[in-house]
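Topology and contacts: notes
Given next are the chains, with one letter for each unit.
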Amino acid sequence: MLGWTAAPVLTSLMLVPYIVLHSCLSGLSFIRLETPMNNITTSLGQTAELFCRVSGNPPPTVRWLKNDAPVVQEPRRVSFRSTPYGSRLRIRNLDTTDTGYFQCVATNTQGTVSTTGVLFVKFGKHVLKKTC
């Protein structure tokens, strides 16, 4: 709501516009990246989870890309799903060919946000390391 208020300027009065924010923000449209995606280094056979932490109104749709190509779900191995905070990509039984740049792209009527993380799958001991 746009209104007017009086504000003193030296010895005179000037009308200054102001905006009244409603206590209910549910009507505001927005899209926001809440946190950037982590990089993960892990080993063959392990499971990796990548998180896309986004919010928006209307709720954004999320796409997952690996090295700029859409991630293809594989039953019982590669899956992604919507979560209260955005989306989660899970890859089970990791192979070195799963190494790559993973990007989540979230879109709604207000625009698009994205974040990218690196998944590195190595030979050797079972180590799960997250880095920013």
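The protein chain carries the name Ig-like domain-containing protein in an unreviewed UniProt entry, which gives Hippocampus comes as its organism.

Moving on: the side chain of Asn108. In this fold, Asn108 is placed in strand β10 (residues 100-108). For Asn108, the side chain forms a polar contact with the main-chain oxygen of Phe30, separated by 2.9 Å. Of note is the side chain of Asn108, whose polar atom sits 2.7 Å from the backbone nitrogen of Gln110. The residues contacting Asn108, other than those within four sequence positions of it, are Phe30, Ile31, Gly56, Asn57, Pro58, Pro59 and Pro60.

Glancing now at the nonpolar core. As a rule of thumb, soluble globular proteins bury nonpolar side chains together. Core analysis: the biggest nonpolar cluster contains 19 residues, and Leu50, Trp64, Leu89, Ile91, Phe102 and Leu119 have the highest contact counts within it. Those elements that provide at least two residues to this core are β5 (48-57), β9 (86-91), β10 and β11 (111-122). Setting aside chain neighbours within four positions, we find Leu50 in contact with Met37, Asn38, Ile40, Trp64, Ser87, Arg88, Leu89 and Phe102.

Time to look at the environment of Ala106. Inspection of the secondary structure puts Ala106 in strand β10. Overall, the relative accessible area of 0% leaves Ala106 in the buried class. Not counting chain neighbours up to four residues away, the residues in contact with Ala106 comprise Ile31, Val54, Pro60, Thr61, Val62, Gly111, Thr112 and Val113.

Analysis parameters
- Residues numbered from 1 in each chain as written.
- Predicted model: local features only at pLDDT ≥ 70, side-chain atom pairs only at ≥ 80, totals over all residues.
- Heavy atoms only, no water.
- Helix = DSSP H or I, 4+ residues; strand = E, 2+ residues; numbered from the N terminus.
- Polar contact = N/O pair within 3.5 Å; in protein donor to acceptor, adjacent residues only side chain to side chain.
- Contact = heavy atoms within 4.5 Å.
- Core = buried A, V, L, I, M, F, W, Y, C linked by side-chain atoms within 4.5 Å.
- Buried < 20%, exposed > 50% of the residue type's maximum accessible area, 1.4 Å probe, protein only.

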